[in-house]
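Reading the structure
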Amino acid sequence: MTLNISRRRLLQAGALTGAALALGFRLPVASARSVSFQDEDDVNAWLVIAPDGLVTIMVPTAELGQGVYTTAPMLVAEELECDWRQVRAQIAPTNPVYNNRMFKVQAVASSTSARWSFEPLRRIGAYAREMLKLAAAQRWEVELAEVSVFQGQVRHEPSGRHLAYGELAAQAFVLPRPEQVQLKPASQWRLLGKSVQRLDIPLKTSGLAQFGMDVQVPDMLVGAIAACPYRGGRLVSVEDGPALARKGVRQVVKLDQAVIVLADHYWAASMGLFSLKPQWAAPQGALLQSDTLMEQLRDAAASDGVVALQRGDSAAMDAQQEQWIEVEYEVPYLAHATMEPMNATVHVQADSVQVWGSTQVAGELAGQLAPVLGMKEEQVTVHSTFVGGGFGRREEFDVFIQAALASKASGRPVKLVWSREEDIQQDFYRPAATALFRAVLDKKGMPWAMEVKLACSSIYIRNFPDRVKAGVDPKSVEGVVDHLYSLPNMTVRYAMVNTVVPAGFWRGVGYTQNCFFLESFVDDLARAAGKDPLGYRLALLEGQDRAQTLLRRLSDELRWGHAAEGCFHGIAFSSAWGSLCGVGVELSLEGKDVVIHRVVCAIDCGPVLNPATVRRQLEGGIVWALASVFDGEITVKDGQVQQSNFHNYHLPGLKHMFPIECLLLTSDGPIGGVGESAVPPFAPALCNALLAATGERAHSLPLRRHGYRQAV
């Protein structure tokens, strides 16, 4: 395929975004899958340099607010040596060339955007730079070594000649790609490491950015849906007459577990849905109750389960040591409650399917929809949009499957929009979980042996059952089996307890509950040993220089040991997604009202690509975690989720906020993720500060259960 064809077809196949509108590109009509590239490092797949010098760089994954719409172009532009003021971003079409190389599929999850693309995208920029230099050297008939680049120009210093990238791109991008390129060391970075203004903010503040909710397709119907309120139940029957009698309502679509009303606009669809009285059947057997579920989880945690980790002597727990400590912890289900409602737009035709929407897994959607519709995967084209909050919820396929079935039934494009009630009650929740921690302390008060028993639902068992090995879901035990503390004898056991309520990826995944468990237990051990919690952790991290440095910097900034009168400190530490992160909390009490005075968050994520973005992610992670600490809880009664909207599933607002100080420690370690890093350590840090203030441990969340509330 020639350069001009591949570049033109790439742009035509791009997702409709604010950037695309600004550049005048049109809604795609051909499948992006039909565009063939030489390989994943094909420069033509990743960037376009226009004759006027404008550089458009493809963003391989969805922009969820994590900053990839800016960071990905920064990686390319750093090595390309172009003028950042001329750089534009565009969400890439769905094509294997843009696969996340850690997952082998086009998806964004597990804080991998920067981790997988750090070297590949810089390499793309370096390839393009060298091809531009070679094109100029050939045109000038000079030695390549005499050619240099700077700010979007190729220069020949001996003769004083120069050419802009736009004048060379057509010639350069048909040249063979260099076999090897030298990437710039961090000491020579001009762009990376700087706080660069995000490219998506102007689009979002002006309204040009297109989210799933913004998609408009000719002849489109809008759908409202009600799924069976009994988790695991089904639709028995529904009389569609009352809905069809409403103005604007066109059709009622009945699915196995839901009913959809299609109309000319959402108001008509929602009013039509409201007028229906579906008959639902609950699943057979005893209906799920939160109280009995927690009892089941406690019983499971007390059992032997299956071994997830065995280190040292398995019989060490029976050794006669100085002290024996045993503590139970638990956390509830949690919902995602993304700002943008769950939605999807699908047009099913006789021989093709067009899909638009907010998704974290664009590369997997075709494979999920094709068998449901009786079509081939290559007949399904997915157009990604900006995402108004993902947090793991948009790794699921349910809303897209529902929209596809509604479109097939109606013969027209359908935009399906979930209500907030549907979103809260039909989520894939962060699992409820319990843990039993036991430790034997030696004569110095340090843990000689530790046994951990975890019980919760499996996330992988639904979509990735092959990743569950010998009864252990890695997501259920992360944060305990991979911690950095030096424990000579440790056993981790896991009991899988699945229910009709599905578990899903929630920002921070298993680290969120397991860091709460482990970091609470470390403070409990320090207290039992009569030791300072900071010094206790530093001793447990002997030989872990990066972790010790981070905790010392964190404690210095927090002024550990020197809290103001009436104030108390707590810290917690996490190692996840290739990054080290610590959180310190300073609080005081007014009765049962908790006043959070300040939070300090320190991270070592290796090289820092955009300090402003890292700080925003840390701040956002702390706010996300805050929502789970005081009020966050999903409960089930008689098989139905009891929460339905923000009046009873509370989220923090501006009045709940407090000063957050971020410390970014740059190290020579490998690049780590930051999007989730601050989430796991916040809850235990706050609860450890509460322990310091009251002498009493809150063994479960939310703190509302213990009578605490956040002062505002």
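Just above sits the structure.
Let me begin by describing the structure that accompanies this report.

**Some points on helix 17 (residues 533-540)**
Counting buried positions over the 8 residues of helix 17 gives 6, a clear majority of the element. When we look at burial in helix 17, the residues that qualify are Pro 533, Leu 534, Tyr 536, Arg 537, Leu 538 and Leu 540. Looking at the buried positions of helix 17, the neighbouring elements they touch are strand 18 (433-441), strand 19 (447-456), helix 16 (510-529), helix 18 (545-558), strand 21 (568-576) and helix 20 (679-694).

**Some thoughts on unusual backbone geometry**
Cis rather than trans, the peptide bond between Leu 701 and Pro 702 has omega equal to 0°. By secondary structure assignment, the location of Pro 702 is in the loop between helix 20 and strand 27 (709-710). Even without being a glycine, Trp 577 presents a positive backbone phi close to 55°. By relative accessible area, Trp 577 is classed as buried at 7%.

**Examining the sheet that holds strand 10 (residues 258-263)**
Taken in spatial order, the 7 strands of this open sheet run 9-10-7-17-14-15-16, and their pairing is mixed. Of all strands in the sheet, those bounded by a partner on one side alone are strand 9 (249-254) and strand 16 (380-384). Within the sheet, the average angular offset between the axes of one strand and its neighbour, ignoring direction, is 20°. The sheet contact formed by strand 9 and strand 10 spans 5 bridges and is antiparallel. In the strand pairing of strand 10, Val 249 is matched with Ala 263. Strand contacts of helix 9 (residues 266-274): strand 7 (221-227), strand 9, strand 10 and strand 17 (414-417), with the helix running at about 30° to strand 7, the strand carrying the most contacts.

**Remarks on the packing of helix 16 against helix 20**
The contact between helix 16 and helix 20 brings their axes to 8 Å, and the two run at 30°. Of the possible angle classes, the one that applies to helix 16 and helix 20 is roughly parallel. For helix 16 against helix 20, the interelement crossing comes out right-handed. Residues Tyr 511, Thr 512, Cys 515, Phe 516, Glu 519, Ser 520, Asp 523, Asp 524 and Arg 527 of helix 16 pack against Val 679, Pro 680, Pro 681, Ala 683, Pro 684, Cys 687, Asn 688 and Leu 691 of helix 20.

**Concerning the sheet that holds strand 3 (residues 87-91)**
On the basis of which strands lie adjacent, the open sheet formed by 3 strands has the order 1-2-3 and mixed pairing. The sheet terminates laterally at strand 1 (47-49) and strand 3, the two strands that pair on one side only. Here the average twist between neighbouring strands, direction ignored, is 20°. Where helix 4 (residues 68-80) meets the sheet, it contacts strand 1, strand 2 (55-59) and strand 3, and its direction lies at approximately 125° from that of strand 2.

About the cut-offs
Residues numbered from 1 in each chain as written. Predicted model: local features only at pLDDT ≥ 70, side-chain atom pairs only at ≥ 80, totals over all residues. Heavy atoms only, no water. Buried < 20%, exposed > 50% of the residue type's maximum accessible area, 1.4 Å probe, protein only. Helix = DSSP H or I, 4+ residues; strand = E, 2+ residues; numbered from the N terminus. Contact = heavy atoms within 4.5 Å. Pairing = 2+ DSSP bridges. Axes fitted to C-alpha atoms, helices over the stretch in contact; angles between N-to-C directions. Parallel < 35°, antiparallel > 145°, perpendicular 65-115°, else oblique. Left-handed = near helix turned anticlockwise from the far one by under 90°.

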